[in-house]
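Fold and geometry: a report
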Amino acid sequence: MTTSPLRLRLDAAALASNWRTLDAMSGSAACGAAVKANGYGLGAVDVATRLARAGCRDFFVATWAEAAELAPLGLSVSVLHGIRAEDMPLALSGIARPVLNSPAQIERWRAAGGGVCDVMIDTGMNRLGLSVDQALSGVLTGLEIDVLMSHLACADVDVAMNGAQLAAFAELRGRSSARRMSLANSAGIGLGPDYAFDLTRPGLALYGGVPRAEMATIQQVVTPEAQIVQRRCVPAGASIGYNATFTAAHDAEIAIINIGYADGYFRGFSGIGCGRWGDVALPVVGRVSMDLVAIVVDRAPGLGEGDWVALDYALPAAAAASGMSQYELLVGLGRRFDPHWTA
Ligand SMILES: *Cc1c(COP(=O)(O)O)cnc(C)c1O
């Protein structure tokens with residue numbers, strides 16, 4: 001089997017630890033996991049398997065294709081985008097519950113004789129879900145609802161909208177047949193126990209994202225690593241890469257590594273990102289190309305072609321440096337990496 005010149009170092013212990021941290025912060029509520037978008041780029045099956053082992057029981061994906069990928073694991077999965085007509089065969093096969101978002105989806109589920117479902121309530125984000133008034137109008141009567149959920153728009157900051165969404169959602173307590181209520185994503189867990197209800201649904205923080213200061217103990221899970229394709233000396237006065245944005249002030253030892261913006265190592269890291277060889281920092285110079293990046297290896301005389309270099313990818317710092325969100329840095333990781341899980 002050919003191996004890739006890129007690998008994702010994935011820390012299974014950090015993933016499990018992050019889930020336990022969020023579970024503890026969720027108080028008496030259960031802590032689920034959003035594993036949509038291929039487990040935020042880390043591999044949905046790998047992530048869900050490890051989280052289930054840690055004790056996680058409720059998983060959330062966006063589409064039925066994502067649910068089908070997880071089906072062999074036999075987990076409890078909810079499909080956030082609900083049901084289109086073309087989803088019905090898979091939805092009725094019982095591999096996951098739909099999260100019904102609109103009166104039309106509810107009607108479709110009822111007409112098909114669907115069983116247990118979840119329902120999304122819109123409490124102000126104006127994205128998906130029934131309004132609170134709609135939910136109280138009788139449209140849910142007779143549905144077998146496991147989770148009644150809503151989603152916070154601004155949980156990463158302290159604004160009045162959080163409290164308003166909480167109050168709107170709390171109005172539904174005891175007024176539907178739902179077995180459980182769920183409001184908080186990762187950041188929402190940091191807003192405190194009032195937001196936890198019966199079940200929380202973190203994604204980002206499981207994978208090392210830190211949306212709020214309360215989550216400072218969240219650990220980094222993902223580190224991209226790339227192999228050196230070529231090492232060269234760039235003489236003083238010569239430039240490197242597209243548009244010659246970097247000119248060497250003195251003779252410089254440069255390594256060209258096998259990663260680029262096609263792998264999610266975005267152009268925002270140009271001249272800003274940093275490679276790492278043990279403790280030695282290897283600054284990125286010049287513009288990030290589609291498949292290649294140049295780093296300064298003056299301080300690493302032993303590094304040569306074929307050697308592996310890690311890239312600084314602690315999400316809060318990497319997001320601040322690159323101008324991308326922590327979410328984009330995760331889900332942007334391309335398909336050319338070989339996953340390397342370490343226990
Ligand atoms: C993606 C998503 C989550 C997880 O959000 P994070 O901010 O990644 O923790 C939770 N609930 C819903 C409805 C989502 O779409």
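Residues numbered from 1 in each chain as written. Predicted model: local features only at pLDDT ≥ 70, side-chain atom pairs only at ≥ 80, totals over all residues. Heavy atoms only, no water.

Okay, the site of the ligand next. If you check the shell around the ligand, you find 14 residues, and the closest are Lys36, Tyr40, Ser186, Leu204 and Tyr327. Within the side chain of His151, one N or O atom sits 3.4 Å away from a nitrogen atom of the ligand. Relative to its free-state accessible area of 390 Å², the ligand is covered by the protein chains to the extent of 93%. Here the residues of the shell around the ligand are counted per class, giving 7 nonpolar, 4 polar and 3 charged. (Near = heavy atom within 4 Å. Polar contact = N/O pair within 3.5 Å; in protein donor to acceptor, adjacent residues only side chain to side chain. Areas by Shrake-Rupley, 256 points an atom, 1.4 Å probe, with all protein chains shown as cover. Nonpolar A, V, L, I, M, F, W, Y, C, P; charged D, E, K, R; others polar.)

With that settled, consider the pairing of strand β4 (residues 58-61). Along a regular strand, successive side chains alternate from one face of the sheet to the other. Every second residue of β4 is oriented toward a common face, with Asp58 and Phe60 on one face and Phe59 and Val61 on the other, all of them buried. As defined by bridge partners, strand β3 (residues 33-34) adjoins β4 across 2 bridges and the pair is classed as parallel. By the bridge assignment, Ala34 is partnered in β4 with Phe60. With helix α4 (residues 64-70) bridging β4 and the parallel strand β5 (residues 76-79), this β-α-β connection has right-handed handedness. (Buried < 20%, exposed > 50% of the residue type's maximum accessible area, 1.4 Å probe, protein only. Helix = DSSP H or I, 4+ residues; strand = E, 2+ residues; numbered from the N terminus. Pairing = 2+ DSSP bridges. Right-handed = clockwise from strand over helix to strand, strands pointing away.)

All right, on to the nonpolar core then. Leu51 and Val119 are the most contacted members of the largest nonpolar core, which totals 94 residues. For this core, the two domains that each supply at least three residues are domain 1 (32-206) and domain 2 (222-342). Dropping the residues within four chain positions of it, Val119 is found in contact with Val99, Leu100, Leu130, Leu140, Leu143, Ile145, Val147, Leu148 and Met149. In this structure, Ala252, Ile256, Ala294 and Val296 belong to the second largest nonpolar core, which totals 9 residues. (Core = buried A, V, L, I, M, F, W, Y, C linked by side-chain atoms within 4.5 Å. Domains from an automatic or database assignment. Contact = heavy atoms within 4.5 Å.)

Here helix α1 (residues 12-25) crosses helix α3 (residues 44-54) at 55°, and the two axes come no closer than 9 Å. The angle between α1 and α3 falls in the class oblique. Handedness of the α1/α3 crossing: right-handed. Here Ala12, Leu15, Ala16 and Trp19 of α1 come into contact with α3, specifically with Val47, Arg50, Leu51 and Ala54. The residue makeup of the contact of α1 with α3, split by class, is 7 nonpolar, no polar and 1 charged. (Axes fitted to C-alpha atoms, helices over the stretch in contact; angles between N-to-C directions. Parallel < 35°, antiparallel > 145°, perpendicular 65-115°, else oblique. Left-handed = near helix turned anticlockwise from the far one by under 90°.)

To continue, consider the pattern of salt bridges. Summed over the entire model, instances satisfying the criterion amount to 16 salt bridges. With a closest N to O distance of 3.4 Å, Arg9 and Glu225 form a salt bridge. Pair noted here: Arg9 is in strand β1 (residues 6-11) and Glu225 is in strand β12 (residues 222-234), with a separation of 216 residues, a long-range link. Note on Arg9: relative accessible area 26%, which makes it partly exposed. For Glu225, a relative accessible area of 11% corresponds to the buried category. Counted as one network, the salt bridges with shared partners bring together Asp58, Arg97, Asp118, Asp146 and Arg180. (Salt bridge = Lys/Arg side-chain N within 4 Å of Asp/Glu carboxyl O.)

Tracing the backbone shows Thr223 in strand β12. A distance of 3.3 Å separates polar atoms of two side chains, one belonging to Thr223 and the other to Gln220. Leaving out residues up to four positions away in the same chain, Thr223 has contacts with Arg7, Leu8, Arg9, Ala310 and Leu311.

When we look at burial in helix α10 (residues 315-322), the residues that qualify are Leu315, Ala318, Ala319 and Ser322. Angular distribution of buried residues about the axis of α10 spans 100°; they occupy a single face of the element. The exposed set on the far side of α10, more than 90 degrees from its buried face, consists of Ala317 and Ala320. Looking at the buried residues of α10, the elements they touch are α11 (326-331). (Arc of directions from axis to C-beta.)

As a further point, take the packing of aromatic side chains. When we look at a pair of aromatic rings, we describe it by the centre distance and by the angle of the planes. Going through the model one piece at a time under the given rule, you end up with 5 aromatic pairs. With a centroid separation of 4.8 Å and 35° between ring planes, the pair formed by Tyr40 and Tyr207 is classed as tilted. Of this pair, Tyr40 sits in helix α2 (residues 36-40) while Tyr207 sits in the loop between β11 (199-200) and β12, placing them 167 residues apart in sequence. Judged by relative accessible area, Tyr40 falls into the buried class, the value being 6%. Looking at Tyr207, the relative accessible area reads 0%, which means it is buried. (Phe/Tyr/Trp six-rings, centres within 6.5 Å; stacked < 30°, edge-to-face > 60°.)

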